[in-house]
Structure formats: C-alpha cells, structure tokens
Amino acid sequence: MQEKIAVLGSGSWGTALAKLLADNGHDVIMWALEEEVAEGINARHRNPLYLPEVDLPRTVRATASIGEAVKSRGVVVSAVPSHALRGVWERAAGALSADAIAISCTKGIESPGFKRMTEVIAECARALPEGRILALSGPSFAKEVAAGRPTSVVIAGKDPAAARRAQSIFRSRRFLAFTASDVIGVEVGGAVKNVIAIAAGITDGMKLGFNARASLITRGLYEMIKIGKALGANPLTFAGLSGIGDLVLTCTEGFSRNHLLGRLIGEGARPEGALSEIGRSGMVAEGAETARAVRGLIESKGIKAPICEIVHRILFEGLSPPEAMEMLLSLDLGEEMGSITAGSYPLTGT
Ligand SMILES: NC(=O)c1ccc[n+]([C@@H]2O[C@H](COP(=O)([O-])OP(=O)(O)OC[C@H]3O[C@@H](n4cnc5c(N)ncnc54)[C@H](O)[C@@H]3O)[C@@H](O)[C@H]2O)c1
C-alpha cells in the first residue's frame, strides 16, 4: 500500500531514507532546513549538500516549510540530528495528522538530562500516543543505503501493529527491517555506540592495534548493556542490530564521524579542534554530546562505565589519550560479566 510520508531532515540519512521509501513506491516529501536543498531536490532531483552524487526518484519533492511537509502525512520519518530534534518537532507537532505515526531515525540522547529521541518527540507531539512513536536503528551508513547495498535495521515500537506497518514501509529487497518491542534498548544502543566509536577511533589514532580495538568494542558493549539495563532495556537487545551490530560497523571502518573524531584526537589533535574540523564539513559527531549525557546518567545512577567516563574526560576535561590508556590498563578487574549477570544489580561493579 502506498503511504504518504514526510521525511524531516535532508542530511545524508534523510536523503538516503527518502530515496529508499520512494523506490518502495511511497509518496515522499522531504523537509529541508536549507532552501537551496529543497530547491535542488525539486529542480534537479539531487540534494546539493548531502549525498550530492545520489539521484533521487523524480517523485520525491522537498520543502523548507515543516508545516507543509507534515500536513496530511500518515507517516513522519524523523532524521534530524539530536541537537535539532526538539526544535524541529515543536514546529512540526501542530500540523501533524491525527492518525500519524512517527519513526525516529536519530541516534542520540538529549542533554542535559538523558532523554531518548522518542521521549523528546512524545513531549513535543502530545497528541501522538506512545505506541505510534517508533525508533529505527542499526548498522546503516547512509551512503551504502543510498547505493542499494544490503542493510539490516530494527524498528522498535510498543504497538506491534504500528511496528509491522513501519516494517512493511521500509522493507525492500536490499533493506531488511526487523521489528522489536524494546524501544529503550534500541535507542540506547544507537546512541551509546557513538561514544564507544570515539574510544575506538582514539585507539586506532594511537595505533594501539586490533586487539585493543576488539577489547574496546567488547567492553563498550558491556557498558552499553549496563546503561540500558539501568533504564529498563532488555539486555538481549544489545546482542542485536542496534547493539553489537552498530558497534561493529561504527568502530571498525568507514564513514563514521564519531570514529573519525576519535582518530583525530588519538593522532594528537585537540578535542575542540577535531570537533570543529568535523563541524566545518557541515556534519555533527553526535557521540560528543551523547558522552555528556551518558556521563550525567552514570554519575547519577552510580554505574561504572570506565570507557564512557574516559571519553568524556578526554573530550571535556583535558585528559590526554596516553593518560586515558594508562587508566584503562590499570583498572581493578573483576568477573568479566560481573554486574550484568543475574542477581548482581545494581551495576556498580567493574
Ligand atoms: N549518516 C548516516 O549514515 C546515518 C545513519 C543512521 C543514522 N543517522 C542519524 O541520522 C541523524 C541525522 O544524521 P545525518 O547523517 O543525516 O546528518 P548530516 O550531518 O548529514 O546532516 C545534518 C542535517 O541536519 C540539519 N540541521 C543542522 N542543524 C539543524 C537545526 N538546528 N535544525 C534543523 N536541522 C538542522 C542539516 O540541515 C542537515 O540536513 C543523526 O542522528 C545520525 O546519527 C545517520
């Protein structure tokens, strides 16, 4: 069935998803912050700023008016960066259709506080019931999705019928969309992996080797599980696409800005310099803000998460990568799965 879909955000991810959805036969309108982006998509069927090499289906239209984008749309796909999410949804909420579903594709956490993206959307769009706000996450570089390379994601929602509807909207021969009910786990996985990706990038920048990188991914997963469990997620979710799946992708190769941020720092750049270098290319390394949010959370809940803690200290407190490495290597070690195995809650052990 053809759906009327608005895609909020015309960065790399919004552009790749708009192409996928239009290729799936849906009626897609994109909202772009920049007039020139909307104009380029309407006139030349290309986004001049993000994934400019990708030809969009001619049916995709774009507008710089949020109200026009979401009006009469049954599905709103949200692909704006986390720092912009609240502002965008405050403007979108008033124009939403009464029966709309929202699918958040943003990987981040609002800070200060520790608000997941679906929670922010729920606060802005109070008429939307919780079951109609879903989260899509998983190992999915926009470039590869736009090129039609095989990709798997998970779409989590409390209402199984809404999750299945979202699944059928996105699913294509090359884009496998699984469903899940653990919205918290899927969102925490998608956000915290960016912090671990910064740590993996630092390790790579310092040329510490593959063993070190694999240790970081594995111990990062352990911290992700602890954080998720403290918030009510199902630990098994992190064995899935939005946990280990996205960690493997973001920490090992390719186009991740968070990994790049870490690598620049590991090679000796100052964090502020590395952040502004990435910012200059019009991109955001969301892991930095997520590191702030995670630090606040682990402090307030007394969770031991040394990798997340150290990433925060490197980014914002002047800790150097060699000092950080020494700290991690001198940790007092306990049982490997210590505080996440049954009965060992709370999560304060190593
Ligand atoms: N790029 C990917 O491969 C990918 C894959 C999966 C998920 N995501 C997630 O999708 C989200 C968007 O990422 P992206 O890669 O498309 O970003 P991007 O850096 O390619 O584009 C950023 C977009 O945000 C817009 N923007 C910037 N400031 C804004 C503001 N104040 N208000 C409204 N819009 C603003 C820009 O106009 C642009 O459209 C992120 O949460 C990211 O983690 C990205």
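Values in this document were obtained by computation on a predicted structure and should not be read as measured data. (Residues numbered from 1 in each chain as written. Predicted model: local features only at pLDDT ≥ 70, side-chain atom pairs only at ≥ 80, totals over all residues. Heavy atoms only, no water.)

**Q** Before we move on, can you summarise the pattern of salt bridges with the specific residues and values?
**A** In total, this model carries 22 salt bridges according to the counting rule given. With a closest N to O distance of 2.8 Å, arginine 46 and aspartate 55 form a salt bridge. Looking at arginine 46, the relative accessible area reads 33%, which means it is partly exposed. A relative accessible area of 49% means that aspartate 55 is categorised as partly exposed. Several salt bridges converge on common partners, so that one network encompasses Arg295, Glu299, Glu309, Arg313 and Glu317. (Salt bridge = Lys/Arg side-chain N within 4 Å of Asp/Glu carboxyl O. Buried < 20%, exposed > 50% of the residue type's maximum accessible area, 1.4 Å probe, protein only.)

**Q** Just give me the short version of helix α8 (residues 183-205), but keep the residues and values in it.
**A** Under the 1.5 Å per step criterion, the end-to-end length of α8 is 33 Å for 23 residues, consistent within 8% with the ideal 33 Å. With 23 of 23 residues buried, α8 lies mostly within the body of the structure. (Helix = DSSP H or I, 4+ residues; strand = E, 2+ residues; numbered from the N terminus. Expected span 1.5 Å × (residues − 1).)

**Q** Would you mind going over the site of the ligand in detail, with residue names and values included?
**A** Close to the ligand lie 24 residues, the nearest being Ser12, Glu34, Ala142, Arg257 and Glu286. The contact in question runs from an oxygen atom of the ligand to an N or O atom on the side chain of serine 12, over 2.8 Å. Protein chains bury 86% of the 830 Å² of accessible surface belonging to the ligand in isolation. Cavity membership is defined here by more than half of the atoms lying within 2 Å of grid points; on that basis the ligand lies in the largest pocket. Among the elements that line the shell around the ligand, the one with the most residues is helix α4 (residues 82-92), at three residues. Residue classes in the shell around the ligand are distributed as 13 nonpolar, seven polar and four charged. (Near = heavy atom within 4 Å. Polar contact = N/O pair within 3.5 Å; in protein donor to acceptor, adjacent residues only side chain to side chain. Areas by Shrake-Rupley, 256 points an atom, 1.4 Å probe, with all protein chains shown as cover. 1 Å grid on protein atoms, 1.4 Å probe; cavity = no way out; pocket = protein on both sides within 12 Å on 5 of 7 lines; lining within 4 Å. Sits in = over half its atoms within 2 Å of the grid points. Nonpolar A, V, L, I, M, F, W, Y, C, P; charged D, E, K, R; others polar.)

**Q** Describe in detail the layout of surface pockets, supporting the description with residues and values.
**A** One number sums up the size of the largest pocket: a volume of about 1100 Å³. Elements with a minimum of two residues in the lining of the largest pocket: α1 (12-23), α4, α6 (142-146), α8, α10 (241-252) and α11 (257-266). No other element matches α4, which puts four residues into the lining of the largest pocket. Put simply, the second largest pocket is a space of about 620 Å³. Leu216, Arg219, Ile307, Leu328 and Leu331 are, among the 29 residues lining the second largest pocket, the residues nearest its centre. (Points joined across faces, edges and corners; volume = space filled by probe spheres on them.)

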